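The primary structure of each chain is shown beneath.
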Amino acid sequence: MNLAELKQHLNIEHDEDDALLAAYYEAAKDTLEGFLDLEIVDSDPTEGQIAMTANAKIAIYNITADLYDNRGELSSDFTKRMHNLTLSLRKF
């Protein structure tokens with residue numbers, strides 16, 4: 001995870017929530033992996049895995065943003081947005 005890039009995506013300039021953002025990022029990655037039923041790896045995916053593509057990274061960042069903005073309570077359109085974000089990833 002690139003914390004600086006994530007904070008830029010979220011328009012966060014302070015450091016007070018860095019630990020929280022890291023935890024939300026991990027939860028977001030776990031959520032996406034569960035939704036896809038695939039493990040996201042940095043390189044050389046094997047069966048049951050998918051590479052960390054730009055689409056996967058943006059999906060994780062957007063899930064992280066949802067968790068951060070709602071402090072743990074998922075927004076009502078989360079499932080629909082999750083579906084739309086992951087359509088290109090599900091072909092694997």
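See the structure printed just above.
Let me begin by describing the structure that accompanies this report. (Residues numbered from 1 in each chain as written. Predicted model: local features only at pLDDT ≥ 70, side-chain atom pairs only at ≥ 80, totals over all residues. Heavy atoms only, no water.)

1. Here's the deal with the side chain of Thr64
With respect to the secondary-structure elements, Thr64 resides in helix α3 (residues 54-70). Judged by relative accessible area, Thr64 falls into the buried class, the value being 0%. Not counting residues up to four positions away in its chain, the partners in contact with Thr64 are Leu6, Leu10, Leu21, Tyr24, Tyr25 and Ala28. (Helix = DSSP H or I, 4+ residues; strand = E, 2+ residues; numbered from the N terminus. Buried < 20%, exposed > 50% of the residue type's maximum accessible area, 1.4 Å probe, protein only. Contact = heavy atoms within 4.5 Å.)

2. Overview of the packing of helix α1 (residues 3-10) against α3
Running from amino to carboxyl end, α1 crosses α3 at an angle of 60 degrees, the nearest separation of the two axes being 10 Å. The orientation of α1 relative to α3 falls into the category oblique. Crossing geometry of α1 relative to α3 is assigned as right-handed. Facing Glu5, Leu6, His9 and Leu10 of α1, the residues of α3 in contact are Lys57, Tyr61, Asn62, Thr64 and Ala65. (Axes fitted to C-alpha atoms, helices over the stretch in contact; angles between N-to-C directions. Parallel < 35°, antiparallel > 145°, perpendicular 65-115°, else oblique. Left-handed = near helix turned anticlockwise from the far one by under 90°.)

3. Remarks on the environment of Gly48
With respect to the secondary-structure elements, Gly48 resides in the loop between β1 (39-41) and β2 (49-51). Remark: the alpha-carbon pair of Gly48 and Leu36, spanning 12 residues in sequence, is separated by 9.7 Å. When neighbours within four sequence positions are excluded, Gly48 is seen to be in contact with Leu38 and Glu39.

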